Amino acid sequence: MKLPKVPYLIAIDGPAGSGKGTIAKLISDKLNLNYLDSGAIYRVIALGAIANNIPSDQVLKLISLVGTINMKFEGGDVLLNKEIITDKIRTSEISKFSSEIAVHSRLRDEILNLQRSFNQGNGLVAEGRDMTTVVFPNADLKVYLDASPHERANRRYKQLKLKGNNVNILSLTSEIEARDKRDKERKASPLKIADEAKVLNTDDLTIGQTVDKILTFII
Ligand code: C5P
């Protein structure tokens, strides 16, 4: 395995269920880089908004939640103000709400610094929808991970089932398709393939094969 120069910044984008989270985490562990799950930030804001009865179109109220966020990624967990909220932010309600609030460019601007603050020490593996295009346009390596909607819904189904959730594959597929549409068609930082990005379709790749392939891109 070729080790990157230090610091090194890897940005990975892709649609829901493309495997970005798992893959980015594994690569960050292998290369001893920090890890940023940027979707978790939108999910944490959604969690706070729902708890405080803030509707998804009240951008100023949503922005007021940003300053209260003290997040960490530890092991496989997301910590908010030291509380483990990993599973709390993975519900269908939070998935939908987070993609609704992600359309606000003012909210996106407010969390730029928070996202960039994870790029310290040896560097970072950051994953989301606009890591390669907006948040880290100067990343050393840019990757766009994709997979068919059917495969992505299947992966989510297995993940949620394993955690004991009662899920339905058809509603998961339509949730994923609705989120894809919102994420790709919004005006503010839509999900798209950056010019310099390496595009990988993971339909027929295992997690290990995907990680290995990305490691070969390191220069
Ligand atoms: O990645 P994840 O599915 O957890 O993200 C939840 C939602 O947050 C996405 O559907 C998307 O709308 C939004 N998001 C975003 N930009 C990012 C990461 C996530 O708009 N960089």
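To be clear, the structure that these remarks concern was listed above.
Residues numbered from 1 in each chain as written. Predicted model: local features only at pLDDT ≥ 70, side-chain atom pairs only at ≥ 80, totals over all residues. Heavy atoms only, no water.

Caption draft 1: Expanded view of the site of the ligand. Around the ligand, the surrounding shell holds 17 residues, and the nearest of these are R43, R108, D130, R179 and D183. Contacts to the ligand include R108, whose side-chain N or O atom sits 2.8 Å from an oxygen atom. The contact in question runs from an oxygen atom of the ligand to an N or O atom on the side chain of R179, over 2.8 Å. Coverage of the ligand by the protein amounts to 98% of the 450 Å² it exposes when considered alone. (Near = heavy atom within 4 Å. Polar contact = N/O pair within 3.5 Å; in protein donor to acceptor, adjacent residues only side chain to side chain. Areas by Shrake-Rupley, 256 points an atom, 1.4 Å probe, with all protein chains shown as cover.)

Caption draft 2: Representation of the sheet that holds strand β2 (residues 34-37) within the structure. With parallel pairing, the five strands of this open sheet are ordered in space as β2-β6-β1-β7-β8. Each edge of the sheet is formed by a strand with only one pairing partner; in this case those strands are β2 and β8 (198-201). Each adjacent strand pair in this sheet contributes to an overall mean axis angle of 20 degrees, direction not counted. Of the pairings in the sheet, the one linking strand β1 (residues 8-13) to strand β6 (residues 123-128) comprises six bridges and is parallel in character. Along β6, the bridge assignment pairs A11 with A126. Packing of helix α1 (residues 20-31) onto the sheet brings it into contact with β1, β2, β6 and β7 (141-146), and relative to β6 it is tilted by some 175 degrees. (Pairing = 2+ DSSP bridges. Helix = DSSP H or I, 4+ residues; strand = E, 2+ residues; numbered from the N terminus. Axes fitted to C-alpha atoms, helices over the stretch in contact; angles between N-to-C directions. Contact = heavy atoms within 4.5 Å.)

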